[in-house]
Every structure is written in structure tokens, then in C-alpha cells.
Amino acid sequence: MAQQERAVRTRRAVLEAAAAVFAERGYAAATIAEILNRAGVTKGALYFHFDSKAALAQGVLQEQITTEYHVTRELKLQEWVDAGMTLARRLPQEPMLLAGVRLSADLQGRDAFGSAWPAWAELTGAALAEAKERGEVLPHVVPEEAAEVFLGAWIGVQFVSQAVAGWADLDHRMSALFNHLLPAIAAPAVLVRLDTAPDRGARVIAEARQKSAAPLAGANS
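Just so it is clear, the structure is predicted and the values come from calculations on it, not from any experiment. (Residues numbered from 1 in each chain as written. Predicted model: local features only at pLDDT ≥ 70, side-chain atom pairs only at ≥ 80, totals over all residues. Heavy atoms only, no water.)

J.: Please clarify how empty space enclosed by the protein should be interpreted in this entry.
T.: Where empty space is left becomes clear once a probe the size of a water molecule has been rolled over the atoms. Summed over the entire model, instances satisfying the criterion amount to one cavity of 30 Å³ or more. In this structure, the largest cavity spans a volume of roughly 100 Å³. Taken together, 14 residues make up the lining of the largest cavity; nearest its centre are Gly100, Val101, Trp120, Trp154 and Gln158. Secondary structure elements with two or more residues in the lining of the largest cavity: α6 (95–104), α8 (117–133) and α9 (143–165). Taken together, the residues that form the lining of the largest cavity break down as ten nonpolar, four polar and no charged. (1 Å grid on protein atoms, 1.4 Å probe; cavity = no way out; pocket = protein on both sides within 12 Å on 5 of 7 lines; lining within 4 Å. Points joined across faces, edges and corners; volume = space filled by probe spheres on them. Helix = DSSP H or I, 4+ residues; strand = E, 2+ residues; numbered from the N terminus. Nonpolar A, V, L, I, M, F, W, Y, C, P; charged D, E, K, R; others polar.)

J.: Just to check I follow, could you spell out the layout of surface pockets for this structure?
T.: Taken as a whole, the largest pocket spans an internal volume of roughly 560 Å³. Taken together, 28 residues line the largest pocket, and the ones lying closest to its centre are Glu79, Ala83, Gly84, Trp120 and Leu123. When residues of the lining of the largest pocket are traced back to their parent elements, those giving at least two are α5 (76–90), α8 and α9. Here the second largest pocket is characterised by a volume of approximately 170 Å³. Around the second largest pocket sit Arg12, Glu16, Ala19, Glu63, Gln64, Thr66, Glu68, Arg90, Glu94, Pro95, Met96 and Leu97, which together line it. Of all the secondary-structure elements, those providing two or more residues to the lining of the second largest pocket are α1 (2–29) and α6. Here the lining of the second largest pocket is composed, by residue class, of four nonpolar, two polar and six charged.

J.: In this structure, what is going on with α5? I would like to understand it.
T.: Helical periodicity: at 3.6 residues per turn, an α-helix aligns residues three or four positions apart in one direction. For α5, with 15 residues, the first-to-last C-alpha span of 21 Å sits near the 21 Å given by 1.5 Å per residue. Taken across its 15 residues, α5 has 13 buried, putting it largely inside the fold. (Expected span 1.5 Å × (residues − 1). Buried < 20%, exposed > 50% of the residue type's maximum accessible area, 1.4 Å probe, protein only.)

J.: Just to check I follow, could you spell out the environment of Ala105 for this structure?
T.: With respect to the element layout, Ala105 can be found in the loop between α6 and α7 (110–113). Assessed through its relative accessible area of 27%, Ala105 is described here as partly exposed. The contact partners of Ala105, leaving out residues within four places of it in the chain, are Trp117 and Phe159. (Contact = heavy atoms within 4.5 Å.)

J.: Would you explain the packing of α9 against helix α10 (residues 170–185) in this entry?
T.: Between two packed helices, both the angle of their axes relative to each other and the distance between the axes serve to describe the pair. Packing of α9 against α10 brings their axes to within 10 Å, and their N-to-C directions diverge by 150°. Our classification of the angle between α9 and α10 gives roughly antiparallel. In the crossing of α9 with α10, the sense of the turn from one axis to the other is right-handed. Of α10, the residues touching α9 (which contributes Phe150, Ala153, Trp154, Val157, Gln158, Val160, Ser161 and Val164) are Leu170, Arg173, Met174, Leu177, Phe178 and Leu181. (Axes fitted to C-alpha atoms, helices over the stretch in contact; angles between N-to-C directions. Parallel < 35°, antiparallel > 145°, perpendicular 65-115°, else oblique. Left-handed = near helix turned anticlockwise from the far one by under 90°.)

J.: Which parts of the structure should I look at to understand α1?
T.: With 28 residues, α1 should reach 40 Å at 1.5 Å per residue; the first-to-last C-alpha distance of 35 Å falls well below that figure. Inspection of α1 places Val14, Leu15, Ala17, Ala18, Ala19, Ala20, Val21, Phe22, Gly26 and Tyr27 among the buried residues, and these make up the whole buried set. Turning to α1, the residues buried within the fold contact α2 (32–39), α3 (43–49), α4 (53–62), α6 and α7.

Structural data, given as C-alpha cells:
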């Protein structure tokens, strides 16, 4: 068991080091030597988990979508908004997510390691499809099509925020994106109930952390 735990910790250390290097330098300029140095592991340990730099990039991309800050809501559309707003809040602060943005946009490297974009589109499409089944989405909306439109807009928001504000205004830009897109897809009675404020992501993250800490507090009391 101890050996298995060490392997898990080593794999995570390698992934986090790789994400930091990819986020800073991009895929082409990243080197295994620098990743090894940051991770503090041997070459053998790295190659036990990842047999190439492309495999490392794939590993980083697979870490993009998590349910760590998911909170169940009465409205499925609010859950979708919350996922987007928490992502906007986390992205500037987490190298794993920043690396995902940079790797996904690497048109030369994506043949070798792929992209996170299809997974994000699939996740959005599934959320909108469920919301439509609940009557939260207008009848004419095609969830898969709306997901692709949203993905394209979200990618644009990322790049503009990075270029003009160093990510500092990403919360506000994401809020504006939802405020412009939701009237085209949400049922009016649902639309007026949705919280898309710029600080929504920060509040959801705090709520999720509080809920995850509560069972631990109860166990220790």
C-alpha cells in the first residue's frame, strides 16, 4: 500500500511539474530535463508513468475536467454557469489549467497529444441537454450546437483576457459571456433566476470547500 501511495504521489508530482513547464514555455520548448528537475524525481520514475513528452501532455489534458467544486443546484443551467465561473476563477491561479489552455491551442502539437476542447464541448452539450429535458432551455435550442458556439466564445474570452489584462478580468469577461448567451437559450422564467455575477465562481468555490470540510470537522469532533 505504501508503495502504491508513493507511485500516486510521484505521478502527481510529475504531472504538476509538466503542467507548470507547458504553461510557461509551451509544448515545443518544454524539455523532459526541466520537468524532471521541477518534479524532483528520477528519469526512470517519470518514464514509469509517462513514456514520452506527448504522453505527459495527454496526462495534463486529462486533468482539465474535474468535479472538485461541483455543487448540485435546483437548476441545471445554474450548475453549468457555476462550472464556467469556477473555471474562470481558477484558471489564472492553477498551472494545470493554464497548461490545458496552451496545449489545446497548439495546432502543431495537437496531432500528437490532442486537445481538451472536445471534452469541454461534450460536457457543455450534456449539461444543456439535461437542462432542456427539464424545461430550462428554449425548445428550438440544439444542445450540441449551442455547446460548440459557447466553446468558441469561451476560447476567445480566454485569449483576449490573457492578452489585454494578464487574466485579471477573466471573471468579468466570463460573466459577460453568460449574460449575452443565456437569453438566447434559457427559458425566461429560468433566466431571471440565474446568478452570473463576476464573483459567482469565488462564492461557489468557497461553498464547495466549506461543504467538503464539514464531514471532516464532524469526524474529528
